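# Secondary and tertiary structure notes
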Amino acid sequence: MLVTGGTGTLGRQVVPLVQKAGWKVRVLSRHAQDRGDGVEYVAADLLQGDGLDAALQAVDVVVHLAGGPKGDDVGTRNLVRAAERAGVRHLVHISVTAVDQLPLTYFKSKLGAEQAVRDSSVPWTVVRAAQFHDFAFKTVQALAKLPVMPVPGGVRLQPVDARDVAERLVELALGEPAGLVPDLVGPKVYSLGKAGKVYRAGGNLTLTGATIGTRTWEDFLAEHS
Ligand SMILES: NC(=O)c1ccc[n+]([C@@H]2O[C@H](COP(=O)([O-])OP(=O)(O)OC[C@H]3O[C@@H](n4cnc5c(N)ncnc54)[C@H](OP(=O)(O)O)[C@@H]3O)[C@@H](O)[C@H]2O)c1
């Protein structure tokens, strides 16, 4: 199984679970190095596209977690084309809740990435997840460094623990291609502030028909205090 972004916050949770399920794991990263963890690391930059054919050689299932502030649409298109050439059997992609409603450049790029997977001839599964606790934690830490901490009103979030996301992704990767599956959100909704119509209207919140993680923000904070 190839995991792109296997070195990131989510990927570091996914890789050991895949190994535990008995699969050999190859991780695609821009900086390949042997970490002595039984994982094969291959160097490739999704934005450049170089090295992708080698990375996908003899790969059955791809879990695509790599992402950055810019260009996820371009990188995912490159990955999808290489996966089609390699005859990959199942491509699992992590997307973001309300990705089709938020008119920000980042979300447009994430939507383009999702679309590239959905238009692919490789059988696929896409799951949209809410913000991870780690992301909320880093955001709060950054805001706390400002002389006056801005706390926008009216925004509600339903953050999810990256470990819950990792468990769901591995379950999906080990199953059959399932198309767009229900969003994955955390167990509780929290107020934060006001950032835009979608967030105020709760377009990012999924209280029905979603898969709900188990670990709350309070659980996460207790582990990080
Ligand atoms: N964070 C959230 O709250 C959240 C919520 C929903 C969905 N997601 C999605 O979940 C995915 C993982 O998020 P994360 O928080 O784990 O991200 P992260 O910690 O920032 O890790 C990003 C990963 O992407 C890889 N990467 C970045 N640019 C790359 C490139 N051009 N070529 C190859 N690899 C590249 C990095 O690998 P190297 O640095 O080793 O190259 C790293 O492993 C992303 O697609 C993100 O959009 C995140």
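Residues numbered from 1 in each chain as written. Predicted model: local features only at pLDDT ≥ 70, side-chain atom pairs only at ≥ 80, totals over all residues. Heavy atoms only, no water.

## With respect to the pattern of salt bridges
On inspection of all chains with the given rule, the structure shows 13 salt bridges. Salt-bridge contacts for Arg118 lead to Glu114; the nearest nitrogen and oxygen are separated by 2.9 Å. With a gap of four residues between them, Arg118 and Glu114 both fall in helix α4 (residues 105-118), about one helical turn apart. Owing to a relative accessible area of 0%, Glu114 belongs among the buried residues under this scheme. One salt bridge in this structure joins Glu167 and Arg215, with 3.3 Å as the shortest N-O distance. With Glu167 in helix α6 (residues 162-174) and Arg215 in the loop between β11 (211-212) and α8 (217-223), this residue pair connects regions lying 48 residues apart in the sequence. When its relative accessible area of 40% is taken as the criterion, Glu167 is described as partly exposed. For Arg215, a relative accessible area of 22% translates into the label partly exposed. (Salt bridge = Lys/Arg side-chain N within 4 Å of Asp/Glu carboxyl O. Helix = DSSP H or I, 4+ residues; strand = E, 2+ residues; numbered from the N terminus. Buried < 20%, exposed > 50% of the residue type's maximum accessible area, 1.4 Å probe, protein only.)

## Observations regarding the packing of aromatic side chains
Enumeration over the complete set of coordinates arrives at four aromatic pairs. Ring geometry for Phe137 against Trp217: centres 6.5 Å apart, planes inclined by 65°, an arrangement best described as edge-to-face. Here the residue Phe137 occupies a position in helix α5 (residues 133-144), and Trp217 occupies one in helix α8, the gap between them amounting to 80 residues. Take Phe137: its relative accessible area is 21%, and that puts it in the partly exposed class. Ring geometry for Trp217 and Phe220: centres 5.8 Å apart, planes at 10°, overall stacked. Residue Trp217 and its partner Phe220 are both found in helix α8; the two are separated by three residues, about one turn of the helix. (Phe/Tyr/Trp six-rings, centres within 6.5 Å; stacked < 30°, edge-to-face > 60°.)

## Topic: the packing of helix α3 (residues 72-86) against α4
Two numbers describe a pair of packed helices, the interaxial angle and the distance between the axes. Where α3 contacts α4, the axes come no closer than 7 Å and their chain directions differ by 15°. On the basis of their axis angle, the class for α3 and α4 is roughly parallel. As for the relative orientation of α3 and α4, their crossing is right-handed in sense. Contacts between α3 and α4 pair Asp72, Asp73, Thr76, Arg77 and Val80 from the former with Ser109, Lys110, Gly112, Ala113, Ala116 and Val117 from the latter. Considered class by class, the residues forming the contact of α3 with α4 number four nonpolar, three polar and four charged. (Axes fitted to C-alpha atoms, helices over the stretch in contact; angles between N-to-C directions. Parallel < 35°, antiparallel > 145°, perpendicular 65-115°, else oblique. Left-handed = near helix turned anticlockwise from the far one by under 90°. Contact = heavy atoms within 4.5 Å. Nonpolar A, V, L, I, M, F, W, Y, C, P; charged D, E, K, R; others polar.)

## Things to note about unusual backbone geometry
Residue Ala58 is not a glycine yet carries a positive backbone phi of 60°. As for its position among the elements, Ala58 is in the loop between α2 (52-56) and β4 (61-64). Ala58 gets classed as exposed once you look at its relative accessible area, which sits at 83%. One non-glycine residue with positive phi stands out, namely Ala98, at about 65°. Given the relative accessible area of 3%, Ala98 is considered buried.

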